[in-house]
Amino acid sequence: GQGSPPLLLFFLSFAMVAIEKGGGGGSHGIPEGQLLGTLALVGLIYFTAAGGAYGSESVINSVGPLPVIIGHAIFPFCWSLPIGLATVELATAYPTDGGVAVWAALAFNEFWGFMGGYFSLVEGVVNLAVFPTVTLDYILVLFDAELDPVSSWFGKAAISCLVVLLNMQGVNFVGRSSYLLSILINIPLIILCILAVIRVKDYSPWMDSRQNDYDTNWTFFLGILVFNLSGYDNVGSVAGQVKKPGVTMPKAMIIAIIVGSVSFLVPLMFGAVIDPDYDDWRAGHFAVVGKMVGGNWLFYTLVVAAAMSRLTHFMAELCTNAFFLQGMADERMVPPIFGWKHPEKRAPWVSIIANFAVVLSMVTLSLPEIFEFSNAFTIAGVLLGLTTCIRLRITHPDVPRPYAIPVGTWGLVTFFMPCYVLSIYVLFCLSTFTVSICIGVVGSGVLGYYALNEAKIAGWSGMQGTVEEVELFGCSKIL
């Protein structure tokens, strides 16, 4: 190692060092026009991580504006940035689909590669199960309607089918659509903030907190921060689809982290001064706040934008989850049928449909159960991803890294330390029920690995080979 990293204020400067160091990557065997450029990748990262402030309103209710402002101002530096830059270093050194499933297999062994992919898939499908529900809820608000349970399930299924069809158009379509919609969905929130500046004169609510209130929920607040500002590692699953990853990936990641963090912080700040009655802040409250300063037109515009935000988040997350599964199939970790891509669209249709089937079976779960369960597997993936980045620095020091976090090995450990500490704390805060379910799910993953390993030994068609043989160590064949 080479000492420790600079102080927090210099973390962002790390990100821009060596962005121009090498282009990294050729065509990956994919037509140039179907590869992700910078803007499309920004859109994809933005929606697999942040996706806009819609749905985050209850964080104001939990602790008040001051902790929310401080948390959303600091947390990106000690959480989002280390995770994002670790992902960039790995994705530019090993630009192949599958993300942490491939990287952990190279760093440790195929068991940890399989479990890394499994953690990402579980987190992904749990998150995916949220989006049909919240999207339908916003649509029902628009039409002031209610549905019985059966009609509600069919509504969620219809939304899911739409997202599947969009994903079948290919990753470039998903990325470009996400970039365009990342702009459109934030316009109503920008208008909300401008109206707040014009009409509100009292900004004292920014100094309020609920630390002495009986219903203050600091654990929920930290969980929301993790939920809102995670997901930047998901883009590793499509590293093989990126044009010139050595340049494109670092630029896109930095832009996405900045935009994602600001798109949470600013609307929550100005929304809190428009409506300082924090007990009313629940998911969907931005539309109510918009009505206070802009009338019905802004109310309905914010509801439409919120629905589009959740729908696009659904589309982007289904894309990265499908590529996780496809990447694992490419590396012989799961049956090769999941690696099949449409010859023209280059989309992993079988993996998309497999995710769709799981989502349909989960859309009836309640959101609180999904939230805590998702955070547990988010943390598991983060811990494995960061440790993999450190391990590969030690075991594969000579692999070309078009982008590398500019510190030595011990500096990398220090840079990641806030993530390790926060991760362990969040895990200790999980309910007994969530822990018991997670143990069962992890156990199922372990059994799945050994079952598939037995299939390899038995000579199951298409399952022969190891990750090292497939990847040729660091994808040197395409750098």
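Structural data are supplied above this passage.
For the structure given in this document, a descriptive report is provided here. (Residues numbered from 1 in each chain as written. Predicted model: local features only at pLDDT ≥ 70, side-chain atom pairs only at ≥ 80, totals over all residues. Heavy atoms only, no water.)

## Looking at the overall build of the chain
Regarding its fold elements, the chain presents 18 helices and zero strands. Taken across its 479 residues, the chain has 59% of its residues classed as buried. A separation of at least 24 residues holds for 86% of the contacts in the chain among residues at least 6 apart in sequence. (Helix = DSSP H or I, 4+ residues; strand = E, 2+ residues; numbered from the N terminus. Buried < 20%, exposed > 50% of the residue type's maximum accessible area, 1.4 Å probe, protein only. Contact = heavy atoms within 4.5 Å.)

## A short note on unusual backbone geometry
One non-glycine residue, Asp144, lies in positive phi territory at about 50 degrees. Looking at where Asp144 falls in the secondary structure, it is placed in the loop between helix 6 (110-143) and helix 7 (149-167). The phi dihedral of Lys244 is positive, around 45 degrees, even though this residue is not glycine. Along the chain, the position of Lys244 falls in the loop between helix 10 (218-228) and helix 11 (245-274).

## A look at the packing of aromatic side chains
By the definition in use, this model includes 19 aromatic pairs. A centroid spacing of 5.9 Å and a plane angle of 55 degrees characterise the contact between Phe119 and Phe377, whose relative ring orientation is tilted. Of the two residues, Phe119 sits in helix 6 while Phe377 sits in helix 15 (residues 367-395), which places them 258 residues apart along the sequence. Since its relative accessible area comes to 9%, Phe119 is described here as buried. (Phe/Tyr/Trp six-rings, centres within 6.5 Å; stacked < 30°, edge-to-face > 60°.)

## Some points on the pattern of salt bridges
Counted according to the given criterion, the structure contains three salt bridges. Here Glu89 makes a salt bridge to Arg401, at a shortest N to O gap of 3.5 Å. Here Arg401 lies in the loop between helix 15 and helix 16 (409-428) and Glu89 lies in helix 4 (residues 65-93), a separation of 312 residues in the sequence. Overall, the relative accessible area of 12% leaves Arg401 in the buried class. The closest approach of N and O atoms between Asp97 and Lys341, which form a salt bridge, is 3.4 Å. Here the residue Asp97 occupies a position in the loop between helix 4 and helix 5 (100-107), and Lys341 occupies one in the loop between helix 13 (296-330) and helix 14 (349-362), the gap between them amounting to 244 residues. Judged by relative accessible area, which is 14%, Lys341 ranks as buried. Linked by salt bridges that have partners in common, Glu89, Arg393 and Arg401 make up one network. (Salt bridge = Lys/Arg side-chain N within 4 Å of Asp/Glu carboxyl O.)

## A short note on the packing of helix 4 against helix 16
Here helix 4 crosses helix 16 at 110 degrees, and the two axes come no closer than 9 Å. With respect to each other, helix 4 and helix 16 are oriented roughly perpendicular. The element helix 4 and its partner helix 16 pack so that their crossing is left-handed. Where helix 4 abuts helix 16, its residues Phe75, Cys78, Trp79, Pro82, Ile83, Leu85 and Ala86 lie against Phe415, Phe416, Pro418, Cys419, Leu422 and Ser423. Grouping the amino acids of the contact of helix 4 with helix 16 by side-chain chemistry returns 12 nonpolar, one polar and no charged. (Axes fitted to C-alpha atoms, helices over the stretch in contact; angles between N-to-C directions. Parallel < 35°, antiparallel > 145°, perpendicular 65-115°, else oblique. Left-handed = near helix turned anticlockwise from the far one by under 90°. Nonpolar A, V, L, I, M, F, W, Y, C, P; charged D, E, K, R; others polar.)

## With respect to the side chain of Asn234
Along the polypeptide, Asn234 turns up in the loop between helix 10 and helix 11. Look at Asn234 and you get buried, because its relative accessible area is 4%. Aside from chain neighbours lying at most four places away, what touches Asn234 is Thr48, Glu123, Glu317, Thr320 and Phe324.

## Considerations on the environment of Trp460
Topologically, Trp460 is positioned in the loop between helix 17 (432-457) and helix 18 (467-475). Residues Trp460 and Pro335 lie 125 residues apart in sequence; the distance between their C-alpha atoms is 8.8 Å. Among all residues touching Trp460, those that are not within four sequence positions of it are Pro335, Leu452 and Ala455.

## Topic: the nonpolar core
With 157 residues, the main nonpolar core has Phe75, Trp79, Phe114 and Phe416 as its most contacted residues. For this core, the leading source of residues is helix 13, giving 19 residues. Those residues in contact with Phe75 that sit more than four places away from it in its chain are Ser80, Leu222, Leu225, Val226, Leu229 and Leu422. (Core = buried A, V, L, I, M, F, W, Y, C linked by side-chain atoms within 4.5 Å.)

## Some details on helix 6
Think of an α-helix as turning once every 3.6 residues; residues three or four places apart then point the same way. Spanning 34 residues, helix 6 covers 50 Å between terminal C-alpha atoms, matching the ideal 50 Å at 1.5 Å per step. Counting buried positions over the 34 residues of helix 6 gives 28, a clear majority of the element. Count one or two residues on from helix 6 and you reach Asp144, which has phi positive near 50 degrees. (Expected span 1.5 Å × (residues − 1).)

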